[in-house]
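Observations on the model geometry
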Amino acid sequence: MTDQPLRLGISACLLGQPVRYNGGHKLSSICNDVLASAVEYVSFCPEQAAGFGTPRPAMHLRGAAANPALVRVKDAGDDLGPQLAAGYRSVLDSFDRVDGFILMQKSPSCGLFRVKLYDAAGRQQREQTTGLFAKALQQRFPLLPIEEEGRLHNPQLFDNFMLRVQAHHHFRHQVLAQPSQAALTGFHARYKYLLMAHSQQLARTMGRFLASSQQLTTEQRCYEYQLQLMQCLAKHATRKGHSNALQHMIGYLRGTVSVEARQLLAKSIEQF
């Protein structure tokens, strides 16, 4: 196991830094009051990195959802997307040492979901998109847990995000630091029942993958396994899934716990 701290990338405005277009911030209670004592933050503001200044004219996204232009709300003028990209491109690779990222919702740069999109006349379209920096972050680190601050106020989404962050952290330090068959096998043994709680089918698939992928390079096996790991944990665990995993674990108590106690435990799990 590792004693390295959990490192999370985060939109700087969520930490109270006055970097928004109006010179304000979006101080987040959940990021500062709940998480700050347990994680190490790496703050970043793509607009500030791009040299847009604070305060600055408000901007939004116009055009096609797949490739929108970043323009000023008033006096649209030139596409400022390339300038924004130049600001974050130089630091994007440094985020390979974080285990998750919390982004500011609705932002044309950082919004992950449902970012407003406008047409050439400045009218809001029905279609929505993803912020430019958020999209670049997803493309560069497809296995990195990324979430919007607003969604973390949902307890189930918060728990699932932090679970994926911890799994990413453990895999990075326990497997990727010194990749080997033994490291992969040991990791899967530690995570097997947690994976089963999230998806019994995917957990079995991952076990079969480890047993039948010796022809792949260690690097390929690590990537494919981590991809399946993050996909499995992205599925929300259910009571049925937890119960199934716990019932499998009862088998380890044979020989040390009486039959009556195991039966009582099995009944309690079933009631749960």
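Use the structure listed above.
Residues numbered from 1 in each chain as written. Predicted model: local features only at pLDDT ≥ 70, side-chain atom pairs only at ≥ 80, totals over all residues. Heavy atoms only, no water.

**Comments concerning unusual backbone geometry**
Most peptide bonds take the trans form, and the phi angle of most residues other than glycine is negative. Omega for the peptide link from Thr54 to Pro55 comes to -5°, which places this bond in the cis form. Considering the arrangement of structural elements, one finds Pro55 in the loop between helix H2 (46-49) and strand S3 (59-62). Positive phi, close to 60°, is recorded for Asp75, a residue that is not glycine. For Lys106, which is not glycine, the phi torsion reads 70° and is therefore positive. (Helix = DSSP H or I, 4+ residues; strand = E, 2+ residues; numbered from the N terminus.)

**With respect to the sheet that holds strand S1 (residues 6-11)**
Read across the sheet, 4 strands follow the order S2-S1-S5-S8 without closing on themselves; strand pairing throughout is parallel. Bordering the open sheet on either side are strand S2 (39-44) and strand S8 (146-148), each of which pairs with just one other strand. Between one strand and the next, the sheet's axes are offset by a mean angle of 25°, whatever the strand orientation. Relative to strand S5 (residues 100-103), S1 runs parallel, the two being bridged by 3 bridges. Residue pairing for S5: Gly9 is matched across the bridge by Phe101. Each of S2, S5 and S8 touches helix H4 (residues 132-140); the most contacted strand, S5, lies at about 170° to it. (Pairing = 2+ DSSP bridges. Axes fitted to C-alpha atoms, helices over the stretch in contact; angles between N-to-C directions. Contact = heavy atoms within 4.5 Å.)

**Considering the layout of surface pockets**
Quantified by volume, the largest pocket comes out at close to 600 Å³. Forming the walls of the largest pocket are 31 residues, and the residues nearest its centre are Arg20, Met59, Lys106, Ser107 and Pro108. Contributing elements (two or more residues each) for the lining of the largest pocket: H2, S3 and strand S6 (115-118). Of the residues belonging to the lining of the largest pocket, the class tally is 18 nonpolar, 6 polar and 7 charged. In this model, the second largest pocket occupies a volume close to 340 Å³. Looking at the lining of the second largest pocket, the element that brings in the most residues is helix H8 (residues 218-234), giving 5 residues. Its residues placed into classes, the lining of the second largest pocket shows 10 nonpolar, 3 polar and 4 charged. (1 Å grid on protein atoms, 1.4 Å probe; cavity = no way out; pocket = protein on both sides within 12 Å on 5 of 7 lines; lining within 4 Å. Points joined across faces, edges and corners; volume = space filled by probe spheres on them. Nonpolar A, V, L, I, M, F, W, Y, C, P; charged D, E, K, R; others polar.)

**A word on the sheet that holds S6**
The strand order across the open sheet formed by 4 strands is S4-S3-S6-S7, and the pairing between neighbours is mixed. The open sheet has two edge strands with one neighbour each: strand S4 (69-72) and strand S7 (124-129). Shown here is a sheet whose adjacent strand axes are inclined to one another by a mean of 50°, direction ignored. One ladder, built from 2 bridges, connects S3 with S6; its direction is parallel. Paired with Arg62 across the two strands is Tyr118, which belongs to S6.

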